[in-house]
Amino acid sequence: EWAIRPYKPLRGKKALVTVGATREFIDSVRYISNLSSGKMGMAIARVLRWYGADVTLVTAFTTENPPPEVEVLRVVSAEDMRREVLRLLPQTHLLVMNAAVSDFTPLEKHSGKIKKKDQMILKLTKTPDILEEVARSKGNTFVVGFALEEEEVLLQEGKRKLLQKRLDMLVANPIDVMGSEQHRGYILYPEGKEEVFSFPNKLESAEFIVKKIVEKITG
Ligand code: CTP
Ligand code: CA
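These numbers were taken from a predicted model, which means no experiment stands behind them. (Residues numbered from 1 in each chain as written. Chains lettered and ligands numbered in written order. Predicted model: local features only at pLDDT ≥ 70, side-chain atom pairs only at ≥ 80, totals over all residues.)

Enquirer: Break down the overall build of the protein chain for me, with residues and values.
Expert: Along its length, the protein chain carries five helices and twelve strands. The C-alpha radius of gyration computed for the protein chain amounts to 18 Å, which stays within 12% of the reference 17 Å derived for 219 residues, consistent with globular compactness. Projecting the C-alpha coordinates of the protein chain onto the three principal axes gives extents of approximately 60 × 40 × 35 Å. Relative to its 219 residues, the protein chain shows a buried fraction of 38%. Nonlocal contacts in the protein chain, meaning residues at least 24 apart in sequence, comprise 63% of its contacts between residues at least 6 apart. (Helix = DSSP H or I, 4+ residues; strand = E, 2+ residues; numbered from the N terminus. Rg over C-alpha atoms; globule rule 2.2 N^0.38 Å. Buried ≥ 20, exposed ≤ 12 C-beta atoms within 10 Å, placed from the backbone. Contact = placed C-beta atoms within 7 Å.)

Here is the structure:
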């Protein structure tokens, strides 16, 4: 894959890609998570590698296999992912935050297995927003976020997250791309520009997104 693609605009750049759904354990056998195949993040990591970047994947739960020639770090929870991302941030030129990070985690985790009962109240607390923390110390790292939204609020919510998380680019996708081969959405920039895209598969979308990143970081 690598050798047949001579176009290497990202040679020498270190890219960090997060992918998959984090899991927040309630006890030793149960967890809270969310739907995310990890297809998009894996496709982006693959294309970044084609384009010459040194790629590290921080991967939570996913059904997809990582592409060749990328370093893979496995994590479980939002907190694990946060720790790895913040640790690697100083040496990262490009962060693509594609992971579906759980927004809530149990307030307390039981050791062992909870026995069944008629009723149970589970107390949850908010996880730290990794991108908002990254924004505080990112230096020159180019940061790309994702947002999955209902069609009616896609642009509005996408723009809000782009600004609130101080991103350099945000990819906003409608909910119906989940689990589907087809892929579409918008690329949003802090200057206010928006670009619409639609492709028959996620690898083509990934290549389109990476080309836009290349335009931005190699000027
Ligand atoms: N994200 C993050 N840390 C979290 C939650 C989300 O870094 N604790 C990142 C995601 O990886 C994604 C972006 O923030 O790149 C947007 O995630 P999304 O779930 O769409 O937005 P939230 O800010 O969590 O808001 P909500 O789920 O309420 O829409
Ligand atoms: Ca969320």
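Enquirer: Requested: an account of the site of ligand 1, with residues and values cited.
Expert: Taken together, 14 residues lie around ligand 1, and Met97, Val101, Ile130, Leu131 and Gly145 are the ones closest in. Mapped by element, the contributors of at least two residues to the shell around ligand 1 are helix H3 (130-137) and strand E9 (142-149). If one sorts the elements of the shell around ligand 1 by residue count, E9 sits on top with four residues. Its residues assigned to classes, the shell around ligand 1 comprises nine nonpolar, two polar and three charged. (Near = placed C-beta within 6 Å. Nonpolar A, V, L, I, M, F, W, Y, C, P; charged D, E, K, R; others polar.)

Enquirer: For the UniProt feature "binding site: CTP" (unreviewed entry) in the protein chain, give the residues involved together with the corresponding values.
Expert: Residues annotated in UniProt with the feature "binding site: CTP" (unreviewed entry) correspond here to Asp103, Lys113, Pro128, Asp129, Ile130, Leu131, Phe146, Lys161 and Lys165. Taking the farthest pair of C-alpha atoms as the criterion, the annotated set spanning 63 residues is dispersed, since that pair is 37.5 Å apart. With respect to the secondary-structure elements, Ile130 resides in helix H3. Here Ile130 is in contact with Met81, Arg82, Val85, Met97 and Val101, once residues within four sequence places are set aside. The residues contacting Phe146, other than those within four sequence positions of it, are Met97, Asn98, Val171 and Asn173. (UniProt positions renumbered as here; feature names shortened; annotations may be inferred.)

Enquirer: Can you tell me about the nonpolar core, naming the residues and giving the values?
Expert: One finds Val17, Ile44, Leu48, Met81, Val144 and Val210 to be the most contacted residues of the largest nonpolar core, which totals 53 residues. Of all the elements, helix H1 (residues 39-50) adds the most residues to this core, at eight residues. Residue contacts for Ile44: discarding those within four places in its chain leaves Val17, Val96, Asn98, Ala206, Ile209 and Val210. (Core = buried A, V, L, I, M, F, W, Y, C linked by C-beta atoms within 7 Å.)

Enquirer: Give a description of the environment of Gln164 that names residues and reports values.
Expert: Mapped onto the fold, Gln164 is located in helix H4 (residues 154-164). In the structure, Gln164 is positioned 34 residues away from Ser198 in sequence and 26 Å away in space, judged by C-alpha atoms.

Enquirer: Can you break down the packing of H1 against helix H5 (residues 202-217) residue by residue, with the values?
Expert: With their axes 8 Å apart at the nearest point, H1 and H5 run at an angle of 55 degrees to one another. Here H1 is positioned oblique relative to H5, judged by the angle of their axes. Considering how the two elements wind past one another, H1 and H5 form a crossing that is right-handed. Touching Lys39, Met40, Ala43, Ile44, Val47 and Leu48 of H1 are Lys202, Leu203, Ala206, Glu207, Ile209 and Val210, all from H5. (Axes fitted to C-alpha atoms, helices over the stretch in contact; angles between N-to-C directions. Parallel < 35°, antiparallel > 145°, perpendicular 65-115°, else oblique. Left-handed = near helix turned anticlockwise from the far one by under 90°.)

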